[in-house]
Amino acid sequence: MNYVQKLSLALIAFALTACDSDSTTFVSTPPPETFDLQILHASPDAPAVDVVVNGSAALENVDYKVGSGRLELDVGTYSVAVEGILPGGNTPVIGPVDLTFDADTIYSVVAVNDVANIEPVIVTQPRTAVSASSARLHVLHAAAAAPQVDVYVTAPDADLAASPTVGSFAFKETIGPAEVAAGEYQIRVTLAGDPDSVVYDSGTRTLNDGDDLFIAAVPTAAPASTFTASPISLVILTGTDSVEYLDAGANAALRAFHASPDAPDVDIVVNDNFAAPLVEDFTFSQVAGYVPVGPASYNVKVVPANPQNAVIKRDVTLAAGEVYDVLAVGLLASIEPLILNDDPRVVNTHAKVRIIHASPAAQNVDIYVAAPGTDISTITPAFEDIPFKGSTGYVGLPADADGETYEVTVVATGTTTPAIGPAEFTFFNGDVVTVVARDAAGGGAPLDVIVTNDAPAL
């Protein structure tokens, strides 16, 4: 989670001055006055960003819901810019803007709103020590689409109707900073004036002695909002790093691919619940859509639809807020699960595309992604030497609202003879697509692909 390139700017200079011919005096120049700067990416459909201070990257590749530690800098005026990392190179999304910073102040700069309307919110507080046996909280409403809400910080399971709020706020407003005694708390957010309408519940969380936390309520990015139980989560800047508190009811999501070319139709059974399979009658080249599942450890079996004789058995642990693919790959005699993490967050500045090698008949492959009609013998592959079960990971491709067309060609590594393609794909800004290279039914050539939308309504 650390994408921070810390600036080491605390300099102490000493001057040696001769007072007369017989003696010298050491004069110590006091250290410069400083302030603290921390930055949070809270724009749900914006790409990862670099933060540029005075023309140099202070923070690099900061993704959504990731924040920095505090950077201690000398007081003064700085040029600050936020640059979106796009497939064709960086482009400014905020600034550059000249900002003047005062001594002994903590500045929290948060990029909020959707990417078309992205803007900075700058929150300040004095840089003072936290009282003994206490924790300090400073909370920002950073979810543009959310209405005004009330915030409760209570003992676990306290009755909200009988509990005072710590404040009520709307988008870009703050509550605090305020101190509470260190201990266990439950943070809940409700619609303003209605303690029964809980829209976020942290569950029991520990606030430690000396914690000095900046907390932003940020929107849950599409499509995760449909299985995480809350339209928001809390991102906490701790002073050294950032952590996310998901809603206590957040689920994981699981999607399955049948990519074993000679395997029969199968069921996917969780924790030996054969009477109610997670997925039933699953056919080769079929994709079962995302299924919300509670975060836990599971025993997953892939079994022929009839009889109940498992061909794949695997224990897996699924984390809240995470999205997983389980691919049944290989020929039936050596069938195995390939488990990958998805990144289905929609980014509205380009398309995100991932290619998975799931063809047991193919050797290592090179993959070309080029404009239609390009002679691939004249260009370098976009991806080289991808092995069976290998993945390119999600890669940004330039696109726009009208779509951008590409030809994808898969060849045996070191050759230019197509094993798949050239196949045309048109991608739009905001697309999140997985392309799975597979065998023909029964195994072997002709190879083909499975294409999925990774950002559907769940």
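Here the structure is a predicted model, which is why all the values come from computation and not from measurement. (Residues numbered from 1 in each chain as written. Predicted model: local features only at pLDDT ≥ 70, side-chain atom pairs only at ≥ 80, totals over all residues. Heavy atoms only, no water.)

Observations regarding the packing of aromatic side chains
- Within the structure shown, the criterion is met by seven aromatic pairs.
- Where Phe101 meets Tyr107, the ring centres are 4.8 Å apart and the plane angle is 90°; that geometry is what we call edge-to-face.
- By relative accessible area, Phe101 is classed as buried at 4%.
- The interplanar angle of 40° and the centroid separation of 6.1 Å between the aromatic rings of Tyr406 and Phe427 together place this pair among those described as tilted. On the criterion of sequence distance, the pair formed by Tyr406 in strand E32 (residues 404-412) and Phe427 in strand E33 (residues 418-427) is long-range, its members being 21 residues apart.
- Using a relative accessible area of 4% as the deciding quantity, one classes Phe427 as buried.
- Each member of the aromatic cluster is reached from another via a ring pair, and the members are Phe35, Tyr78, Phe101 and Tyr107.
- Geometry around Tyr245 places Arg205 over its ring, the cationic atom sitting 4.0 Å from the centre. (Phe/Tyr/Trp six-rings, centres within 6.5 Å; stacked < 30°, edge-to-face > 60°. Buried < 20%, exposed > 50% of the residue type's maximum accessible area, 1.4 Å probe, protein only. Helix = DSSP H or I, 4+ residues; strand = E, 2+ residues; numbered from the N terminus. Lys NZ or Arg CZ within 6 Å of the ring centre and 35° of its normal.)

Considerations on the pattern of salt bridges
- Applying the stated criterion to the full structure yields 19 salt bridges.
- Note that Lys65 and Glu244 form a salt bridge whose closest N and O atoms lie 2.8 Å from each other. Taken as a pair, Lys65 in the loop between strand E5 (56-62) and strand E6 (71-74) and Glu244 in strand E19 (residues 242-245) lie far apart in primary sequence, 179 residues in all.
- A salt bridge links Arg354 to Asp342; the shortest N-O distance between them is 2.8 Å. (Salt bridge = Lys/Arg side-chain N within 4 Å of Asp/Glu carboxyl O.)

Quick word on the nonpolar core
- Counting residues in each nonpolar core, the largest one holds 24 residues, and the members touching the most others are Phe35, Leu37, Ile39, Leu59, Tyr78 and Phe101.
- Those elements giving two or more residues to this core turn out to be strand E3 (34-41), strand E4 (49-53), E5, E6, strand E7 (76-86), strand E8 (89-101) and strand E9 (105-112).
- Once residues lying within four places of it in the same chain are set aside, the contact partners of Phe101 are Phe35, Leu37, Val75, Gly76, Tyr78, Val80 and Tyr107. (Core = buried A, V, L, I, M, F, W, Y, C linked by side-chain atoms within 4.5 Å. Contact = heavy atoms within 4.5 Å.)

A word on the sheet that holds strand E25 (residues 312-318)
- Strand order in this open sheet of four strands is E22-E21-E24-E25, and the pairing throughout is antiparallel. The open sheet has two edge strands, strand E22 (279-282) and E25, and neither has a second partner. Recorded for the sheet is a direction-independent mean angle of 20° between the axes of neighbouring strands.
- Bridge analysis of strand E21 (residues 266-270) against strand E24 (residues 296-304) gives five bridges, and the strand direction is antiparallel. If you follow Asp267 over to E24, its bridge partner there is Val303. (Pairing = 2+ DSSP bridges. Axes fitted to C-alpha atoms, helices over the stretch in contact; angles between N-to-C directions.)

Overview of empty space enclosed by the protein
- Within the structure shown, the criterion is met by six cavities of 30 Å³ or more.
- Approximately 120 Å³ is the volume attributed to the largest cavity.
- Every residue lining the largest cavity is counted, 16 residues in all, and those nearest its centre are Val300, Val302, Ile312, Val326 and Pro337.
- Counting only elements with at least two residues in the lining of the largest cavity, the list comes to strand E20 (252-258), E21, E24, E25, strand E26 (323-329) and strand E27 (336-341).
- Grouping the amino acids of the lining of the largest cavity by side-chain chemistry returns 15 nonpolar, no polar and one charged.
- Of the volumes computed, that of the second largest cavity is approximately 90 Å³.
- Lining the second largest cavity are Ile39, Leu40, His41, Val49, Val51, Val62, Val80, Val82, Val109, Ala111 and Ile118.
- Looking at the lining of the second largest cavity, the elements that each hand over two or more residues are E3, E4, E7 and E9.
- Here the lining of the second largest cavity gets three residues from one element, more than from any other, and that element is E3. (1 Å grid on protein atoms, 1.4 Å probe; cavity = no way out; pocket = protein on both sides within 12 Å on 5 of 7 lines; lining within 4 Å. Points joined across faces, edges and corners; volume = space filled by probe spheres on them. Nonpolar A, V, L, I, M, F, W, Y, C, P; charged D, E, K, R; others polar.)

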